[in-house]
Amino acid sequence: MLQAEGEFALVTQYMERALQSPLWFWGKFNLYALLIDTAAQQRDLEALRQYIVPAEESALQNDHRLYLGVAYRSKGIMYRLMSDYQDAELWLTKALEIFEKLETRWQIGRTFYELGELARLQDNTTAAYSYYSKALANFEALGAAPDANRTRTALDRLNITPQ
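Residues numbered from 1 in each chain as written. Predicted model: local features only at pLDDT ≥ 70, side-chain atom pairs only at ≥ 80, totals over all residues. Heavy atoms only, no water.

## Details of the confidence of the model for the protein chain
Fine structural detail should not be taken from predicted coordinates in areas where pLDDT scores are low.
At step 1: In the predicted model, the protein chain carries a mean pLDDT of 88, and 82% of its residues have values of at least 70.
At step 2: Contacts of residues 1–6 to residues separated by more than four positions or lying in other chains number eight contacts, the stretch itself having pLDDT below 50. (pLDDT = per-residue confidence, 0-100. Contact = heavy atoms within 4.5 Å.)

## Overview of helix α2 (residues 28–42)
At step 1: Compared with an ideal rise of 1.5 Å per residue, which puts 15 residues at 21 Å, α2 spans 21 Å between its outermost C-alpha atoms and is within 8% of the ideal.
At step 2: Taken residue by residue, α2 has N30, L31, Y32, A33, L35, I36, D37, T38, A39 and A40 as its buried positions.
At step 3: Residue R43 follows α2 closely and has a positive phi angle near 60°. (Helix = DSSP H or I, 4+ residues; strand = E, 2+ residues; numbered from the N terminus. Expected span 1.5 Å × (residues − 1). Buried < 20%, exposed > 50% of the residue type's maximum accessible area, 1.4 Å probe, protein only.)

## Topic: the packing of aromatic side chains
At step 1: This model, assessed by the stated rule, comprises four aromatic pairs.
At step 2: Seen in terms of ring centroids, Y72 and W91 are 4.9 Å apart; in terms of plane orientation they differ by 55°. Their pairing is tilted. Taken together, the positions of Y72 in helix α4 (residues 65–81) and W91 in helix α5 (residues 85–102) put the pair 19 residues apart, joining distant regions of the chain.
At step 3: Take Y72: its relative accessible area is 12%, and that puts it in the buried class.
At step 4: Relative to Y131, the ring of F112 has its centre 6.2 Å away and its plane inclined at 25°; by these criteria the two rings are stacked. One end of the pair, F112, is in helix α6 (residues 105–121); the other, Y131, is in helix α7 (residues 125–142), with 19 residues separating them in the sequence.
At step 5: We classify Y131 as partly exposed; its relative accessible area is 21%.
At step 6: Cation over ring: K94 sits above W91, and NZ or CZ is 4.7 Å from the ring centre.
At step 7: Between R110 and the ring centre of W106, over which it is positioned, the NZ or CZ distance is 4.8 Å. (Phe/Tyr/Trp six-rings, centres within 6.5 Å; stacked < 30°, edge-to-face > 60°. Lys NZ or Arg CZ within 6 Å of the ring centre and 35° of its normal.)

## Remarks on the side chain of S58
At step 1: With respect to the helices, strands and loops of the structure, S58 is situated in helix α3 (residues 45–61).
At step 2: According to the relative accessible area criterion, S58 is buried, its value standing at 9%.
At step 3: Those residues in contact with S58 that sit more than four places away from it in its chain are F29 and Y32.

## Observations concerning the packing of α6 against helix α8 (residues 145–158)
At step 1: It is the contact of α6 with α8, at a shortest axis distance of 11 Å, that shows an interaxial angle of 20°. With respect to α8, the axis of α6 lies roughly parallel. Judged by the twist between their axes, the crossing of α6 over α8 is left-handed. Side by side, α6 and α8 meet where W106, Y113, E117 and R120 of the first sit next to D147, R150, T151, A154, R157 and L158 of the second. (Axes fitted to C-alpha atoms, helices over the stretch in contact; angles between N-to-C directions. Parallel < 35°, antiparallel > 145°, perpendicular 65-115°, else oblique. Left-handed = near helix turned anticlockwise from the far one by under 90°.)

## Observations concerning the environment of D37
At step 1: When you line up the elements, D37 lands in helix α2.
At step 2: Sequence separation between D37 and L48 is 11 residues, and the spatial gap between their C-alpha atoms is 8.7 Å.
At step 3: With sequence-adjacent residues up to four places away left out, D37 is seen in contact with V70, R73, S74 and R110.
At step 4: A distance of 3.4 Å separates a polar atom in the side chain of D37 from a polar atom in the side chain of R73. (Polar contact = N/O pair within 3.5 Å; in protein donor to acceptor, adjacent residues only side chain to side chain.)

## Considerations on the pattern of salt bridges
Think of it this way: side chains of opposite charge can pair up when their charged atoms draw near.
At step 1: Counted by the stated rule, this structure contains 10 salt bridges.
At step 2: A salt bridge links K75 to E56, with the nearest nitrogen and oxygen atoms 2.8 Å apart. Of this pair, K75 sits in helix α4 while E56 sits in helix α3, and the two are 19 residues apart along the sequence.
At step 3: K75 sits in the buried class, given a relative accessible area of 11%.
At step 4: Across the salt bridge formed by R80 and E114, the nearest N and O atoms sit 2.7 Å from each other. Linking R80 in helix α4 with E114 in helix α6, this pair joins segments that are 34 residues apart in sequence.
At step 5: Bridged by salt links that share partners, the residues D37, R73 and R110 form one connected network. (Salt bridge = Lys/Arg side-chain N within 4 Å of Asp/Glu carboxyl O.)

Dropping the structure here:
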């Protein structure tokens, strides 16, 4: 998949083009979920602002819990990028609740990682360490090496000794 190779701009371009064509196969809710997830990974605030509302509405209309969780996590990232840490935590926590009910370990890990990023930005190294550690446990259980490595790097940046 192109996204796995980091070619986010190209993926976004293809998905935006797909929104303009008949969507009998994919459906808009699939494309919106991919667009906001890609924007969240890129930390693209403008794309998040553009697509978060239709993505959330589409997930709700289709009762797609996984995509609703993706929308909530993306919304949390959007608020974090806007330095609204209270709303960021609210939406990330809502996303985590959905992913835990669905038992989607990779999504849980990604959300814990984002909560770790939020805590780190607020200089709460204890909370950041806890969130990153939970993310790492989920990634390692799945064998998600790139995410596990990124999380280990985040833990190392905290420069604290585990207790």
